[in-house]
Amino acid sequence: MKQGFTKQGFRQSQAGLHTWSGLLVGWVLYLIFLNGAVSYWREEITRWAQPEIGATRNLETVTRGAIAHLQATAPKAASWQIMLPDERASGATTTYREKGKKPVLRGDDPTATLIGPDGKPTVARDTEGGDVFYRLHFDLRYMPVIWGRWVVGFCSMFMLVAIVSGVITHKKIFADFFTFRPGKGQRSWLDGHNALAVLALPFHAMITYTGLVTLMVIYVPFGVTANYPTLKAYYAESAPRLKPVKPTGQPAPLTDIGPVLATAARLWDGGQPGIIRIDNPGDKAARIVLTRRASDKLVDGRWEIVFDGVTGKVRSSVAPTSAGMITRGGMIGLHAGRFAPMTLRWLFFLSGVAGTAMVATGLVLWTAKRRAKLGTRFHLGFWVVERLNVGAVAGLPLAMTGFLWANRLLPTGMAHRADWEVHTMFLAWGATLLHAFVRPPNKAWIEQLSLTGVALLLLPVFDQAATPRGLIDSLKAGDGALVGMELGLLVLGASFLAIAWRTARSQAKRRAKDAALVQLAQARG
Amino acid sequence: MKTADVANAKGRKGWDVTARIVLTIPGAYAVTAACTMLLARTIPASRLDATLWATIAAFGIYAALVVWVFAASSALRAGLVLLAIGAIAGLGAMWAA
């Protein structure tokens, strides 16, 4: 092997690449990993954030209720749409489009109505729920979506580089798996970083690569430009749209939805629709389009069945057949884990937590290594990184807990309530950064970690006292998702307090050791 | 080693790292683009499948190029090899059009 740029060979050349690419993108990666891991509970968090509505048990009841509501409120609309919940979510959302109007693609649709589990229109507090963490994971916030996606893509690409260079740097990858030497400062941080990285290495490699694939045409459009005259031509081939149908003007009643759902379940091997769209309702040219939900299949892609809205007969159907689309869809499906049953979902989540901890220990390791070298000398770069680490690693979870508290405490009638929940999260994050810069880092770590722990532990207490769905209520109702949320908050809170306590103890030990060394030096000199 | 030599060596190393970063971020990305175009036009499959597989492969190609840029014995050498791969892939992609 020829010598690398450190003049020490291939492995060392990769060590430099690993350290610097890791630090460059570390804080953003921490945000991406943490919010990605949390997003495996996106539906559960949304359910928790809207305690007004309970679990959906019967899809047909909700679907019939949604159609009845649309029939009553928008009988002359050009098109109706019903977003149905999967087993983990709650409540359906109906929207409609008036004749001659364009559909609302992004943001709030003023026609949106929430349909409760009993099939009747209902109201719940205005919140983004679990979607806030899901969006933050790849769009970031307060900037055009496309900027956020490029920042996330850039950082993910260097995550992939850091994984490859990290594997090359670590010569004893198997031994690292079983090595942990606690209470030894820098050595322990390195052992922890290695163990977390190696333990879930297949997950880290998979999640980073498939994450890049989810938005690949944005990042690498050159395959498309090589083969298609325009991006539109590519989409027309990869995801062809249904041609619109014109209404005839002759009224005709809509077919019963029950047999339509039954036919879809038969054609999809038991699969269920996630979206039902009804074009030209009440007209002879009515059409019902069922889109299969993501949670009952691995491959992400479009499964669609078109029914005649009057006779209820199947007119056409599509499913991914191109090998390339299935490769891409399989990778996206693996990333998002929408198909994952509970056991696998937990595994995904815990691996995501391991990834978050890997990035966090990597960031702390960077400072631990340099603190040992610098001693008491002042170095501006080090000073800033040490404080940013506190504000990022301890501050972000505190801010996210702030979002949960805002969800509970902001008045339900407040204007732009959902936005203010998110603003509260970012204001809290700003406060943690400020706190990290005015307090000594060792104190700031302990204060922020313990505040997060206490704030998380108090949430279930508040829920029990002030909402109809506290832990005991959900246990009685057999509502597994909400029991899981409340217990999860308790375990997380206890974990943060435990980490804070460990940090305080190891700092005390270090101070005692330093004092002993000073005494020894004085006794000698 | 004299102080001037140390300063020179440091300056050289700083320049070397800067050069490699430039080679990585715009350089290796451009070469990846050329390789993706070549693959999209030459993988023996339908137009759609070839496009998708080439795009999926692009991230692996880029990661491998970055690792190699930092492992090469000099930035100059890394730059020349990148240029050669980029030129071959680019010409190949044009030829395959």
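In this convention, every chain numbers its residues from 1, walking through the sequence in written order. Chains and ligands are labelled sequentially in the order written, the chains with letters from A and the ligands with numbers from 1. Reporting in this predicted model follows two pLDDT cut-offs: at least 70 for local features of residues, and 80 or more for side-chain atom pairs to be given and counted; totals over whole chains, interfaces and linings ignore these cut-offs and use all residues. Hydrogens are left out, water is left out, and the side-chain values use all remaining heavy atoms of the structure.

**Overview of the overall build of chain A**
Alright, step 1. Summing up its helical and strand segments, chain A has 19 helices and eight strands in all.
Alright, step 2. Of all intrachain contacts in chain A linking residues separated by at least 6 positions in sequence, the fraction that spans at least 24 positions is 68%.
Alright, step 3. This count recognises Lys and Arg as positive and Asp and Glu as negative, with His and chain-terminal groups excluded. Here the site of a charge means NZ on Lys, CZ on Arg, CG on Asp, or CD on Glu. One way to put it: in chain A the 60 positive side-chain charges average out to a point 11 Å from where the 34 negative ones average out. Helix numbering and strand numbering both begin at the N terminus, where a helix is a DSSP run of H or I of at least 4 residues and a strand a DSSP run of E of at least 2. The contact definition used throughout considers only heavy atoms, calling two residues in contact when any of these lie within 4.5 Å.

**Considerations on the interface of chain B and chain A**
A common way to state how big an interface is: give the accessible area lost once the parts meet.
Alright, step 1. Contacts between the two partners involve 32 residues from chain B, matched on the other side by 41 residues from chain A.
Alright, step 2. In the sections that follow, a salt bridge refers to a side-chain nitrogen of Lys or Arg positioned within 4 Å of a carboxyl oxygen of Asp or Glu. Applying the counting rule to chain B against chain A returns one salt bridge.
Alright, step 3. Between Glu 237 of chain A and Arg 47 of chain B there is a salt bridge, with the nearest N and O atoms lying 2.5 Å from each other.
Alright, step 4. Pairs of N or O atoms are called polar contacts if they sit within 3.5 Å, as long as, within protein, a hydrogen donor faces a hydrogen acceptor (for residues adjacent in sequence, only side-chain-to-side-chain pairs). For the interface between chain B and chain A, the tally reads 12 residue pairs in polar contact (both at pLDDT 80 or more).
Alright, step 5. Counting only elements with at least two residues in the side of chain B that touches chain A, the list comes to helix H1 (3-42) and helix H2 (47-71) of chain B.
Alright, step 6. Residue contributions to the side of chain B that touches chain A peak at 18 residues, all from H2 of chain B.

**Quick look at the sheet that holds strand S5 (residues 273-279) of chain A**
Residue and element names in this part refer to chain A.
Alright, step 1. When DSSP finds two or more bridges between two strands, those strands count as paired. What the eight strands build is an open sheet, ordered S4-S3-S2-S1-S5-S6-S7-S8; its pairing is antiparallel. The sheet is open, and its two edges are formed by strand S4 (121-122) and strand S8 (314-318), each paired on a single side.
Alright, step 2. Here five bridges tie strand S1 (residues 79-83) to strand S2 (residues 92-97), and the two strands are oriented antiparallel to one another. Of the residues in S2, the one forming a bridge with Trp 80 is Tyr 96.
Alright, step 3. Relative to S1, helix H3 (residues 59-73) is tilted by about 150 degrees, and along the sheet it contacts S1, S2, strand S3 (113-115), S4 and S5. Convention adopted: a line fitted to C-alpha atoms gives each axis, helices being fitted over their contacting stretch, and angles between N-to-C directions are expressed from 0 to 180 degrees.

**Focus on the domain arrangement of chain A**
Residue and element names in this part refer to chain A.
Alright, step 1. According to the domain assignment, chain A consists of domain 1 (8-50 + 127-238), domain 2 (59-125 + 240-331) and domain 3 (376-525).
Alright, step 2. Using C-alpha coordinates to define each centre, domain 1 is positioned 34 Å away from domain 2.
Alright, step 3. Residue-level contacts link 21 residues of domain 1 with 11 residues of domain 2.
Alright, step 4. Accessible area that two parts lose when put together, with a 1.4 Å probe and added across both, is what the buried area reports. Interface of domain 1 and domain 2: buried area, both sides summed, is about 1200 Å²; carbon and sulfur atoms make up 55% of it.
Alright, step 5. At the surface where domain 1 touches domain 2, the tally comes to one salt bridge. Boundary definitions for the domains trace back to an automatic or database domain assignment.

**Here we look at unusual backbone geometry**
One can expect most non-glycine residues to show negative phi and most peptide bonds to be in trans.
Alright, step 1. Phi at Asn 280 of chain A takes a positive value of approximately 50 degrees, unusual for a residue other than glycine.
Alright, step 2. In this fold, Asn 280 of chain A is placed in the loop between S5 and strand S6 (287-292).

**A few points about the environment of Ser 39 of chain A**
All names here are of chain A.
Alright, step 1. Note on placement: Ser 39 falls in the loop between helix H1 (10-38) and helix H2 (42-49).
Alright, step 2. Residues Ser 39 and Ala 336 lie 297 residues apart in sequence; the distance between their C-alpha atoms is 8.7 Å.
Alright, step 3. At a separation of 3.3 Å, a polar atom in the side chain of Ser 39 contacts the main-chain amide nitrogen of Tyr 134.

**Brief notes about the pattern of salt bridges**
As a working rule, side chains carrying opposite charge can pair if their charged atoms are close by.
All names here are of chain A.
Alright, step 1. For the structure shown, the criterion picks out 25 salt bridges over all chains.
Alright, step 2. Of the charged contacts in the structure, one is a salt bridge between Glu 52 and Arg 125, with a shortest N-O distance of 2.8 Å. Linking Glu 52 in the loop between H2 and H3 with Arg 125 in the loop between S4 and helix H4 (131-139), this pair joins segments that are 73 residues apart in sequence.
Alright, step 3. Relative accessibility decides the category of a residue: with a 1.4 Å probe and only protein chains considered, values under 20% of the type maximum give buried, values over 50% give exposed, and everything between is partly exposed. Overall, Glu 52 belongs to the partly exposed group, its relative accessible area being 32%.
Alright, step 4. With a shortest N-O distance of 3.3 Å, Glu 87 and Arg 293 are connected by a salt bridge. Placement of Glu 87 in the loop between S1 and S2 and of Arg 293 in the loop between S6 and strand S7 (304-308) is noted, with a sequence separation of 206 residues between them.
Alright, step 5. With relative accessibility at 11%, the residue Arg 293 sits in the buried group.
Alright, step 6. When salt bridges that share partners are traced, they join Glu 87, Arg 292, Arg 293 and Asp 296 into one network.

**Observations regarding the nonpolar core**
Alright, step 1. Formed by 104 residues in total, the largest nonpolar core has its most connected members in Trp 48, Phe 133, Met 157, Val 213 and Met 425 of chain A together with Phe 59 of chain B.
Alright, step 2. Per-domain counts for this core show at least three residues from each of domain 1 (8-50 + 127-238) and domain 3 (376-525) of chain A.
Alright, step 3. In this structure, Val 213 of chain A is in contact with Arg 328, Met 331 and Ile 332 of chain A together with Ile 56 and Phe 59 of chain B, ignoring residues within four places of it in sequence. By nonpolar core is meant a set of buried Ala, Val, Leu, Ile, Met, Phe, Trp, Tyr and Cys residues that side-chain atoms within 4.5 Å join together.

**Regarding a nonpolar patch on the surface**
Alright, step 1. Together, Leu 24 and Phe 154 of chain A together with Ile 21 and Ile 25 of chain B make up a nonpolar patch on the protein surface, roughly 330 Å² of accessible area in all.
Alright, step 2. Within the secondary structure layout, Ile 25 of chain B lies in helix H1. Residues enter patches when their relative accessible area tops 30% and they take part in no salt bridge; the joining distance is 9 Å for like charges and 5 Å for the nonpolar side chains Val, Leu, Ile, Met, Phe, Trp and Tyr. With residues, only the protein chains shown are counted as cover, and all accessible areas are computed by Shrake-Rupley using a 1.4 Å probe.

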